[in-house]
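Residues per chain are reported as follows:
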Amino acid sequence: MTNETVLDVKDLKTYFYLDDNQVAKAVDDVDLTVRAGETVALVGESGSGKSITSLSIMQLINKPGKIVNGEISLLGRNLLELTDKQMTKVRGNDVAMIFQEPMTALNPVYTVGNQIMEVLRKHKNMSKKQARQRAIDLLKLVGFPRAEETVNEYPHQLSGGMRQRAMIAIAISCDPKLLIADEPTTALDVTIQAQILDLMSEMKDRLDMGLLLITHDLGVVAEYADRVLVMYGGQIVEQAPKRHLFKDPKHPYTEGLLESLPSVHKEEERLGTIKGTVPPAHKFPKGCRFSSRCPHAMEKCFETNPELMDLDHERAVRCYLYTED
Amino acid sequence: MEIETLKTPNTNPEYSEQEGKSKSPYQLALRRFMKNKLAVIGVITMVIIIVMSFSAPLLTDHNPTQTNMLMIEQPPSSEHILGTDGSGRDNWARLLYGSRVSLVVGFSAMFFTLIIGVILGSLSGYYKGFVDSLIMRATDLVLALPFLVLALTVMSLVENITVTLFVTIIALVSWPTLTRIIRGSFLSLREQEFVLGAKAIGASDMRIVFRHMIPNAIGPIVVNATLMVAIMIIAEAGLSFIGMGIPQPQPTWGNMLNEALSVRILRHHWYTWIPPGVCILVTVLAINFIGDGLRDAFDPKSNQR
């Protein structure tokens, strides 16, 4: 493990400009870093801006969305300063992405091998023969027992878990330094989930890449993450190493998320819930974005939005409960 | 790099044989197509018609444009299988050579329309926004023009109508339908995750459109292109019938029918107009069967059959 910083995002703001002059602040002032060999989990409810953050890193934001501010440096290079053409050389090569739906993420008209070869031939200038051999090796690596046959198979011949393995093979084919997995296991059943996540963390260690794991499943976080970023309303509300977060959550939102998890140690009739839903991104409350749902909300929570404050060198929280005054 | 060490030689000697095992979606569609009897009959009919039109010189010794004033409106005989027309030209020869024009018009107009339709439709569906509005307003404009009136106007303005000109004219008024269909498929395809996936591996726009989207839209494209051939053949026949299509003496099925404008011919000389009429009917029917067969074959819901 080299421990170098692979991804460093600073003050990222991705806004969506809606028709009626409203601005949806889908991602607002997000800072995050991912180091080589590290798994960083980005957690939050639906609509909290997790996926938009990942798509912003890949620069795959479509109109009316726009990255209005910030710096995304990948291996020291600011991706926001690159042209579209330069960016196509980064995507799939330095940074790769795995999607939620393995059923639709592969092109149905090409064989699995063909789709792996496409990436290799584009980024590594391999000959057809080399690319094919490498595709077979990659398929073996991600656990296809009959890789020589699987290269010639079409996506419809594979099960969901197998397709996700194929997606991983495509993603790691060019040895990316950063792998973004956007809810990679949500569409899979539980036994397969564990296999896929194990495979991803094995690949992460083997290739020494950074893994940005986007999920809403705290069970996955508990098992695989090194550090956790909790997102709410387009902002990071808490940042902590995994063991601290689960033992001692600081932000009321994180507490709420953890209380909603079933546990074998607690004997409770009902699981905790967080009342309400995430407000739409163009209608956030005036003060703290969680204030409308927060059980501890104070007067000033409705007035101004707190800053993300460091509690110690590895923890930070965005809440007035932890300010000195 | 660790992956290199995992490299193992391809130890499977039967490798090439196994390639046949995986059926691509196209092969699956072909298999479903072959199960459709009517469609297969349509294909066989089309093959026969195409072969006959190519081998026209072998099937007749007569020149289809050679007039013979001594042999006007002859009934069928061993010399003239289908008799002769009002200018003494051999009907059988005209029927064979006429199929060439009808087919050339049908297929080339289809290709022309297809090229315009695929380019404009994919631009429109892929980029949306301003490009889309521009192209869609253009299709609205062309769709608002009445085909027949426009064709008749152009035909009567131009003195010497050639096949190329004719094809160009009917293609220029027929592209909007195909453009809209392709735009429709692209609008749904562009939201598919594999398109995002292709972007995420660094594919350029051109590559996404040509490699990832068009092959997935091939079903509607092929079906509509096929049906377009039939429409084009009918358009040619219709315009030639009223004397506004390909001019004499070049034989086409349509202008052979033109003779039947006279009631005398219609009543007493069936051998002049029935054969080209039947040829048009059979060809168009065969193409429509093929089109229907293709539509069923590409329809994912027909997988169960």
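Each value, and the rule that gives it
Residues numbered from 1 in each chain as written. Chains lettered and ligands numbered in written order. Predicted model: local features only at pLDDT ≥ 70, side-chain atom pairs only at ≥ 80, totals over all residues. Helix = DSSP H or I, 4+ residues; strand = E, 2+ residues; numbered from the N terminus. Rg over C-alpha atoms; globule rule 2.2 N^0.38 Å. Buried ≥ 20, exposed ≤ 12 C-beta atoms within 10 Å, placed from the backbone. Contact = placed C-beta atoms within 7 Å. Pairing = 2+ DSSP bridges. Axes fitted to C-alpha atoms, helices over the stretch in contact; angles between N-to-C directions. UniProt positions renumbered as here; feature names shortened; annotations may be inferred. Parallel < 35°, antiparallel > 145°, perpendicular 65-115°, else oblique. Left-handed = near helix turned anticlockwise from the far one by under 90°. Nonpolar A, V, L, I, M, F, W, Y, C, P; charged D, E, K, R; others polar. Domains from an automatic or database assignment. Core = buried A, V, L, I, M, F, W, Y, C linked by C-beta atoms within 7 Å. Right-handed = clockwise from strand over helix to strand, strands pointing away.

**Q** Sorry if this is basic, but what is going on with the overall build of chain A here?
**A** Looking only at helices and strands, chain A has 11 helices and 12 strands in total. The C-alpha radius of gyration of chain A comes to 21 Å, within 12% of the 20 Å expected for a compact globule of 325 residues. Seen through its C-alpha atoms, chain A measures out along the principal axes to roughly 65 × 50 × 40 Å. A burial count over chain A gives 50% of its 325 residues as buried. Taking as baseline every contact in chain A between residues at least 6 positions apart, the subset at least 24 positions apart corresponds to 64%.

**Q** Any chance you could explain the overall build of chain B here in plain terms?
**A** Along its length, chain B carries 15 helices and 0 strands. What you see for chain B is a C-alpha radius of gyration of 25 Å, clearly larger than the 19 Å of a compact globule of 305 residues, by over 25%. In terms of its C-alpha atoms, chain B occupies a principal-axis envelope of roughly 90 × 50 × 35 Å. Sorting the 305 residues of chain B into buried and exposed places 39% on the buried side. Excluding contacts between residues fewer than 6 apart, the proportion of contacts in chain B whose partners are at least 24 apart in sequence is 68%.

**Q** What exactly am I supposed to notice about the sheet that holds strand β8 (residues 210-215) of chain A here?
**A** The strands that make up a sheet are held in pairs by hydrogen bonds between backbone atoms, and each pair lies either parallel or antiparallel. Residues and elements named next belong to chain A. Read across the open sheet, the 8 strands follow the order β6-β7-β8-β3-β9-β10-β12-β11; overall the sheet is mixed. The open sheet has two edge strands with one neighbour each: β6 (95-98) and β11 (309-312). Along the sheet, successive strands turn relative to each other by an average axial angle of 20 degrees, direction set aside. The pairing of β11 with strand β12 (residues 315-317) spans 3 bridges and is classified as antiparallel.

**Q** Hey, could you run me through the UniProt feature "domain: ABC transporter" (unreviewed entry) in chain A in this one?
**A** According to UniProt, the feature "domain: ABC transporter" (unreviewed entry) maps to residues 7-258 of chain A in the numbering used here. Counted over residues 7-258 of chain A, helix gives 40% and strand 27%. Its end C-alpha atoms are 28 Å apart.

**Q** Hey, could you run me through the packing of helix α6 (residues 91-127) of chain B against helix α12 (residues 218-241) of chain B in this one?
**A** Each pair of packed helices gets described by two things: the angle between the helix axes and the distance between those axes. All names here are of chain B. Contact geometry of α6 with α12 gives a least axis separation of 8 Å together with a crossing angle of 135 degrees. It follows that α6 is oblique to α12 by the angle criterion. Regarding α6 and α12, the two cross each other, and that crossing is right-handed. Along its contact with α6, which presents S102, V105, G106, F107, A109, M110, T113, L114 and V118, the element α12 presents I221, A225, M228, V229, M232, I233 and E236. Looking at the contact of α6 with α12 residue by residue, the class counts come to 12 nonpolar, 3 polar and 1 charged.

**Q** When you look at the domain arrangement of chain A in this model, what are you seeing that I'm missing?
**A** Frequently, the measure chosen for interface size is the accessible area that the parts lose on association. All names here are of chain A. Along its sequence, chain A is organised into domain 1 (5-94 + 176-322) and domain 2 (96-175). Relative to domain 2, the C-alpha centre of domain 1 lies at a distance of 28 Å. The partner domain 2 presents 21 residues to the 20 residues of domain 1 that form the contact. Of all the elements in the fold, those that place two or more residues in the side of domain 1 that touches domain 2 are β7 (178-182) and α8 (190-207). Among the elements that take part in the side of domain 1 that touches domain 2, α8 stands out by supplying 7 residues, more than any other.

**Q** Explain the UniProt feature "domain: ABC transmembrane type-1" (unreviewed entry) in chain B to me, please; I cannot follow it from the model alone.
**A** When the UniProt feature table is mapped to this numbering, "domain: ABC transmembrane type-1" (unreviewed entry) covers residues 99-291 of chain B. The span residues 99-291 of chain B is 81% helix and 0% strand, and its two end C-alpha atoms sit 20 Å from each other.

**Q** Would you mind going over the sheet that holds strand β1 (residues 5-17) of chain A with me for this structure?
**A** Residue and element names in this part refer to chain A. Taken together, 4 strands build an open sheet; the order of strands is β2-β1-β4-β5 and the sheet is antiparallel. The open sheet has two free edges, formed respectively by β2 (23-35) and β5 (77-78), since each of these has just one partner strand. Taken together, the 2 bridges between strand β4 (residues 65-74) and β5 define a ladder with antiparallel strand orientation. Pairing of S73 across the sheet is with N78, part of β5.

**Q** What should I look at first to understand the UniProt feature "transmembrane region" (unreviewed entry) in chain B in this one?
**A** All names here are of chain B. Under the UniProt annotation, the feature "transmembrane region" (unreviewed entry) is placed at residues 38-59, 101-127, 134-155, 161-182, 221-246 and 270-291. Taken as a whole, residues 38-59 contains 95% helix and 0% strand, while its terminal C-alpha atoms sit 28 Å from one another. Its end C-alpha atoms 31 Å apart, residues 161-182 is made of 91% helix and 0% strand.

**Q** Would you mind going over the nonpolar core with me for this structure?
**A** Core analysis: the largest hydrophobic core is formed by 163 residues, its most contacted members being I168 and L178 of chain A together with M232 of chain B. The leading source of residues in this core is α12 of chain B, at 14 residues. Two domains each put at least three residues into this core: domain 1 (5-94 + 176-322) and domain 2 (96-175) of chain A. Other than its neighbours up to four places away in sequence, I168 of chain A contacts I98, V142, L199, M200 and M203 of chain A.

**Q** What is the right way to read the interface of chain A and chain B from this model?
**A** Between chain A and chain B, the contact holds 36 residues from the first and 27 residues from the second. Of all the elements in the fold, those that place two or more residues in the side of chain A that touches chain B are α2 (84-90), β6, α3 (102-105), α4 (112-124), α5 (128-141) and α6 (147-150) of chain A. In terms of residue count, the dominant contributor to the side of chain A that touches chain B is α5 of chain A (5 residues). Looking at the side of chain A that touches chain B residue by residue, the class counts come to 15 nonpolar, 9 polar and 12 charged.

**Q** I'm lost on the environment of T33 of chain A in this one. Help?
**A** All names here are of chain A. On the secondary structure map, T33 appears in strand β2. When the C-alpha positions of T33 and D8 are compared, they lie 4.4 Å apart, and in sequence the two are 25 residues distant. Setting aside residues no more than four positions away along its own chain, T33 makes contact with T5, L7 and D8.

**Q** Explain the packing of helix α7 (residues 129-144) of chain B against helix α9 (residues 163-189) of chain B here, please?
**A** Residue and element names in this part refer to chain B. Following both chains from N to C, one finds α7 and α9 inclined at 135 degrees, their axes separated by 8 Å at the closest point. Here α7 is positioned oblique relative to α9, judged by the angle of their axes. Pair α7 / α9 crosses with left-handed handedness. Each of I135, T139, V142 and L143 in α7 lies in contact with α9, whose residues at this interface are V173, P176, T179 and R180. Its residues assigned to classes, the contact of α7 with α9 comprises 5 nonpolar, 2 polar and 1 charged.

**Q** Explain the pairing of β8 of chain A to me, please; I cannot follow it from the model alone.
**A** All names here are of chain A. Judged by how many residues are buried, β8 sits mostly within the fold: 6 of 6 residues are covered. With burial as the criterion, each face of β8 is covered, one bearing G210, L212 and I214 and the other bearing L211, L213 and T215. Where strand β3 (residues 39-43) meets β8, 5 bridges bridge the pair, whose relative direction is parallel. Bridging across to β8, V40 finds its partner in L212. Inspection of the sheet shows β7 paired to β8 by 5 bridges, in the parallel sense. Looking at the pairing, D182 lines up with I214 of β8. Once the chain exits β7 it traverses α8 before rejoining the sheet at β8, and the crossover so formed is right-handed.

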